[in-house]
Amino acid sequence: MSMKSQRSKKASQVFDIIESIADLGIKLGGIAFLLMLSYIIYGLAAKNGFTALAAMPKADRLRVLSLVMITGKIFWVSGAVVAFSVAARYYVEEALGYIISLLGVLLYLGTPYVFATKFPHELLAKNVAIGIVVTNFRSLGMTLFIPGAILILRHFALKIFRLFRRQDIKKARYDSSFIVGEVPDIDPEPYKPRPYSSCWHMPYCRTFIRGFCPAHEAKKSCWRLKRGCMCDGDIIMGALKARSSDGSSFHKELMYRGADMAPKTKLTAAQKRLRCRMCVIYDFHQNQKYKIISPLVFPFVVWLMWSSYSSVVGVLQTAVDFTDKLMKTVAFAPGADGLKHISASATPDYVLVVFVVWLGLIAMSYLLQFVEFCIFGLKI
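Because the structure is a prediction, the values reported are computed rather than measured.

1. A word on the confidence of the model for the protein chain
And step 1. Residues with a pLDDT of 70 or more make up 75% of the protein chain, whose mean pLDDT is 76.
And step 2. The secondary structure element of the protein chain with the lowest average pLDDT is helix 10 (residues 247-256), at 58, and the one with the highest is helix 2 (residues 58-89), at 91.
And step 3. Counting contacts from residues 330-345, a segment whose pLDDT is below 50, to residues more than four positions away or on other chains yields 37 contacts.

So, in structure tokens, the structure goes:
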């Protein structure tokens, strides 16, 4: 067994192990998460549950608080295990990172308002058990940003580096054995990749045609002249005829085979542009362009978020304050603001930093998709 096949087998075994662990994490973590969530809902809904904490004797109150803390931690950890396991198991799904991140936003920002609409504000302001529950819900929301951001960053990195994978480009030799008066076998020049190649520096250019190509003669790429070896048959035919040992026999055989060296119709400029957009040489050039432009997206977004950090934080804080006012307006319980000490308006600075980083990752992903659309979709 070769070294390459051994490495491939080991990599497959590693992925199988990760997949098995992820499946186990989804099952066990999901069971624990649902059990803890059920207990929390029971404690919130029962008349003698968390809401009756103040009326309990001190010993019972301490016991309930201890149970709430343990339940909250297990709820948080099991939810995080499920999120990371799902991310590891279904990492190829492009939308998964955005879904997990959005769920984290909803848990972190939406939890105070959900509780504020269900419980009187006096109870929320004094009940430690409910405060612990809310804190763990919001902590889980913050934790979800980690696998979500990892998946978004992976998706972004794949877009950046997918065109940088080494591929063996083999230049096909022109087989002229079917022609009377054979074309001499001229060894092609070795392909030397360049950062921004002209068409005659690409692996598709044939050495024996190059001297007859108007693009090479004018030192302008074929897509600028709208003529070249891949689209004009008369260039190839002329090169073959000139290179053949017997030009007259070559021409007679072409006529016998029904080949016509002259173009049948004259294409318009728009038709020539469309032909270039469908050409393998132009697509290869667009790939080169993408390799140059796409890495610039990362430093550009980093600079943009750094230079506008205060403005972005201000917009986020304004949005959070607006959400606070909106939720208080639509809340069923009048003046339901008992969670003011853990409301969205009291968002810590590190949370705002996480939001900015998350927005930066999303901006990178969508900006990269825009660049890809312009280069490969619009063919700019």
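2. Some points on the packing of helix 12 (residues 280-293) against helix 15 (residues 349-377)
And step 1. The N-to-C vectors of helix 12 and helix 15 enclose an angle of 155 degrees; their axes lie 10 Å apart at closest approach. Put simply, helix 12 runs roughly antiparallel to helix 15. Here helix 12 and helix 15 pass one another in a crossing that is right-handed. Across from Gln286, Asn287, Lys289, Tyr290 and Ile293 in helix 12, the residues of helix 15 making contact are Leu368, Val371, Glu372, Ile375 and Phe376.
And step 2. By residue class, the composition of the contact of helix 12 with helix 15 is six nonpolar, two polar and two charged.

3. A word on the pattern of salt bridges
And step 1. All chains considered together, the criterion is met by three salt bridges.
And step 2. The salt bridge involving arginine 89 is made with glutamate 19; its shortest N-O contact spans 3.4 Å. Of this pair, arginine 89 sits in helix 2 while glutamate 19 sits in helix 1 (residues 3-45), and the two are 70 residues apart along the sequence.
And step 3. When its relative accessible area of 25% is taken as the criterion, arginine 89 is described as partly exposed.
And step 4. Across the pair lysine 379 and aspartate 283 runs a salt bridge whose closest N-O atoms are separated by 2.5 Å. Pair noted here: lysine 379 is in the segment after helix 15 and aspartate 283 is in helix 12, with a separation of 96 residues, a long-range link.
And step 5. You can call lysine 379 buried: its relative accessible area is 15%.
And step 6. Looking at aspartate 283, the relative accessible area reads 28%, which means it is partly exposed.
And step 7. Several salt bridges share partner residues, and in doing so they unite Glu19, Asp23 and Arg89 into one network.

4. Some thoughts on unusual backbone geometry
And step 1. Of note, lysine 219 is a non-glycine position whose phi angle comes to about 55 degrees, a positive value.
And step 2. Its place among the elements puts lysine 219 in the loop between helix 7 (214-218) and helix 8 (222-225).

5. Let's talk about the packing of aromatic side chains
And step 1. Scanning the model with the defined rule gives ten aromatic pairs in all.
And step 2. Where tryptophan 223 meets tyrosine 282, the ring centres are 5.9 Å apart and the plane angle is 75 degrees; that geometry is what we call edge-to-face. Linking tryptophan 223 in helix 8 with tyrosine 282 in helix 12, this pair joins segments that are 59 residues apart in sequence.
And step 3. Classification of tyrosine 282 as buried rests on a relative accessible area of 12%.
And step 4. Where phenylalanine 300 meets tryptophan 303, the ring centres are 6.2 Å apart and the plane angle is 35 degrees; that geometry is what we call tilted. Within this pair, phenylalanine 300 and its partner tryptophan 303 are both found in helix 13 (residues 297-307), separated by three residues, close to a single helical turn.
And step 5. Put simply, the rings of Phe33, Phe75, Phe115 and Phe137 pair up and form one aromatic cluster.

6. A closer look at the nonpolar core
What tends to happen in soluble globular proteins is that the nonpolar side chains get buried as a cluster.
And step 1. Among the nonpolar cores identified, the biggest contains 26 residues, and Leu44, Phe50, Val68, Phe115 and Val133 are the most heavily contacted of them.
And step 2. Counting only elements with at least two residues in this core, the list comes to helix 1, helix 2, helix 3 (96-118) and helix 5 (128-161).
And step 3. When residues in this core are grouped by element, the largest group, nine residues, is from helix 5.
And step 4. Not counting residues within four places of it along the chain, the set of residues in contact with valine 68 comprises Phe50, Ala129, Ile132 and Val133.
And step 5. With 25 residues, the next largest nonpolar core counts Val105, Met142, Val312 and Phe355 among its residues.

Calculation criteria
Residues numbered from 1 in each chain as written. Predicted model: local features only at pLDDT ≥ 70, side-chain atom pairs only at ≥ 80, totals over all residues. Heavy atoms only, no water. pLDDT = per-residue confidence, 0-100. Helix = DSSP H or I, 4+ residues; strand = E, 2+ residues; numbered from the N terminus. Contact = heavy atoms within 4.5 Å. Axes fitted to C-alpha atoms, helices over the stretch in contact; angles between N-to-C directions. Parallel < 35°, antiparallel > 145°, perpendicular 65-115°, else oblique. Left-handed = near helix turned anticlockwise from the far one by under 90°. Nonpolar A, V, L, I, M, F, W, Y, C, P; charged D, E, K, R; others polar. Salt bridge = Lys/Arg side-chain N within 4 Å of Asp/Glu carboxyl O. Buried < 20%, exposed > 50% of the residue type's maximum accessible area, 1.4 Å probe, protein only. Phe/Tyr/Trp six-rings, centres within 6.5 Å; stacked < 30°, edge-to-face > 60°. Core = buried A, V, L, I, M, F, W, Y, C linked by side-chain atoms within 4.5 Å.

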